[in-house]
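Below are the chains, spelled out letter by letter.
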Amino acid sequence: MNDVFLNGEFIKADQAKVSVFDRGFLLGDGVYEVIPVYAGHCFRLEGHLKRLQHSLDGVRMRNPLSDSQWQTMIEQLVERNGAGDQSVYLQVTRGVAPRDHVFPENVEPTAFAMSNPLHAVPADYKSKGIAAITVPDIRWQNCHIKAITLLPNSLLKQQAQDAGAQEALLIRDGYMTEGSASNAYAIIDGKIYTAPKDEKVLPGITRELVLELAASANIPVKEQAVSEQQLRDADEIWVSSSTKEVLPVTMLDGVAVSSGNPGAIWKQLDSLYQQYKQQGD
Ligand SMILES: Cc1ncc(COP(=O)(O)O)c(C=O)c1O
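First, a word on scope: everything that follows refers to the structure included in this document.

Relative to the helices and strands, Val 246 resides in strand β14 (residues 245–252). Separated by 82 residues in the primary sequence, Val 246 and Gly 164 place their C-alpha atoms 20 Å from one another. With residues up to four places along the chain from it excluded, the contact list for Val 246 reads Lys 126, Val 210, Trp 238, Val 239, Ser 240, Trp 266, Leu 269, Asp 270 and Tyr 273.

Here the focus is the nonpolar core. In terms of nonpolar packing, the biggest core is built from 24 residues, with Ile 35, Trp 70, Met 73, Ile 74, Val 88 and Leu 90 touching the most fellow members. Residue assignment for this core shows that the elements contributing at least two residues are β3 (30–38), α2 (45–58), α3 (67–80), β5 (86–93) and β6 (110–117). Top contributing element to this core by residue count: α3, with five residues. If near-sequence neighbours (up to four positions away) are discounted, Trp 70 is found in contact with Leu 49, Leu 52, Asn 63, Pro 64, Leu 65, Leu 90, Val 92 and Ala 111. In this structure, Leu 118, Leu 211, Val 246 and Tyr 276 belong to the second largest nonpolar core, which totals 20 residues.

Let us now look at helix α5 (residues 151–162). Compared with an ideal rise of 1.5 Å per residue, which puts twelve residues at 16 Å, α5 spans 16 Å between its outermost C-alpha atoms and is within 8% of the ideal. Those residues of α5 that sit buried are Asn 153, Leu 156 and Ala 160. Buried residues along α5 cover an arc of 70 degrees about the axis, so they all sit on one side. Along α5, exposed side chains directed more than 90 degrees from the buried face belong to Leu 151, Leu 155, Gln 161 and Asp 162.

Here we take up unusual backbone geometry. One non-glycine residue, Ala 39, lies in the positive phi region at around 45 degrees. Mapped onto the fold, Ala 39 is located in the loop between β3 and β4 (41–42). Accessibility expressed as a relative area gives 58% for Ala 39, which makes it exposed.

Next up on the list: helix α8 (residues 264–279). Taking 1.5 Å of rise per residue, 16 residues should cover 22 Å, and α8 covers 23 Å from first to last C-alpha, within 8% of that figure. The set of residues buried in α8 consists of Ile 265, Trp 266, Leu 269, Asp 270, Leu 272, Tyr 273 and Tyr 276. Projected down its long axis, α8 carries its buried residues within an arc of 160 degrees, all on one side. Relative to its buried face, α8 has exposed residues pointing more than 90 degrees away, namely Ala 264 and Gln 278. Those residues of α8 that are buried lie in contact with α4 (123–127), β10 (183–188), α6 (205–216), β13 (236–241) and β14. Phi turns positive one or two residues past the end of α8, at Gly 280, with a value near 75 degrees.

This part takes up the packing of aromatic side chains. The final tally for this structure, using the stated rule, is six aromatic pairs. Considering the side-chain rings of Tyr 38 and Phe 43, the 5.2 Å spacing of their centres and the 75 degrees angle between planes classify their relative orientation as edge-to-face. Exposure class is identical for Tyr 38 and Phe 43. Each is buried. Taken together, a centroid distance of 5.8 Å and an interplanar angle of 45 degrees make the contact between Tyr 185 and Trp 238 tilted.

On to the pairing of strand β2 (residues 9–12). The pairing of strand β1 (residues 3–6) with β2 spans four bridges and is classified as antiparallel. Bridge assignment links Val 4 to a residue of β2, and that residue is Ile 11. If you look at the hairpin formed by β1 and β2, you'll find two residues sitting between the two strands, and Asn 7 has a positive phi there, around 50 degrees.

Glancing now at the site of the ligand. Near the ligand lie 17 residues; those nearest to it are Arg 51, Glu 178, Ile 205, Thr 206 and Ser 242. Glu 178 has a polar side-chain atom sitting 2.7 Å from a nitrogen atom of the ligand. When the ligand sits alone it has 390 Å² of accessible area, and the protein chains cover 91% of it. Residues that form the shell around the ligand fall into these classes: three nonpolar, ten polar and four charged.

Bringing the environment of Ile 145 into the picture now. Of note, Ile 145 is situated in the loop between β7 (130–136) and α5. On the accessibility criterion, Ile 145 (6% relative accessible area) is buried. Placed 86 residues apart in sequence, Ile 145 and Val 59 show a C-alpha to C-alpha distance of 8.0 Å. If near-sequence neighbours (up to four positions away) are discounted, Ile 145 is found in contact with Val 31, Ser 55, Gly 58, Val 59, Trp 140 and Leu 202.

Cut-off values and rules
- Residues numbered from 1 in each chain as written.
- Predicted model: local features only at pLDDT ≥ 70, side-chain atom pairs only at ≥ 80, totals over all residues.
- Heavy atoms only, no water.
- Helix = DSSP H or I, 4+ residues; strand = E, 2+ residues; numbered from the N terminus.
- Contact = heavy atoms within 4.5 Å.
- Core = buried A, V, L, I, M, F, W, Y, C linked by side-chain atoms within 4.5 Å.
- Buried < 20%, exposed > 50% of the residue type's maximum accessible area, 1.4 Å probe, protein only.
- Expected span 1.5 Å × (residues − 1).
- Arc of directions from axis to C-beta.
- Phe/Tyr/Trp six-rings, centres within 6.5 Å; stacked < 30°, edge-to-face > 60°.
- Pairing = 2+ DSSP bridges.
- Near = heavy atom within 4 Å.
- Polar contact = N/O pair within 3.5 Å; in protein donor to acceptor, adjacent residues only side chain to side chain.
- Areas by Shrake-Rupley, 256 points an atom, 1.4 Å probe, with all protein chains shown as cover.
- Nonpolar A, V, L, I, M, F, W, Y, C, P; charged D, E, K, R; others polar.

What follows is the structure in structure tokens.
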């Protein structure tokens, strides 16, 4: 049984209890982070803690821990759970209070963290690519906040799964925003297109690294959303996230993307990504 962290303490996962009056439970009033850990070391932790603060600021919630307290706690949690490759999940909710839409006063936020083994993505996701479907982006207007209210994302991902696909690519006003649990890219004439960082997409930590690696290899990047038609005509399509890294999408709505195989630019980017991971950070 793994240890989890809850409000200042490490306890066994099955001993961790949260009140039914927690606003995370009743109102979905919370934010979260997912951080990959390789060989016991957190990957791009600074970026994740910065984004956590951004999400907390976005919902006017107090950060219960300083960055160094988060770091120490996460390192201890990873160590307690056997180091190696893990995925750390952090969640902060506005705390426990009588149910009311209005924020409670003088209430301590609930701070929770768990870590689980990080399994490598199935090998054929990389050798053959994954399938995606396009769906309307039914989410709210503040997708830059990593909120725990994931019902739209969950419905959309389930729709992909029901269609035999691994991801849903979201279309808002005729343009692709991102995936249901990933950032998304279209490669057109040798250039990487991805939606700009605004309220319509989550500022992905992996997205940031993809853009850094592309710059280092002189692959041109345009932070510009592609239309649904441009997406269908793209030479390559990719998705990225902390736990899945960068994956090629080779089938879109049942139709092969270009040749139907992972593309040359994805291969180049993935090999840069793997090199970067080896060096640690
Ligand atoms: C909606 C959405 N966009 C993008 C991402 C990718 O973000 P990151 O690379 O920080 O994991 C995620 C990750 O889960 C996500 O849920």
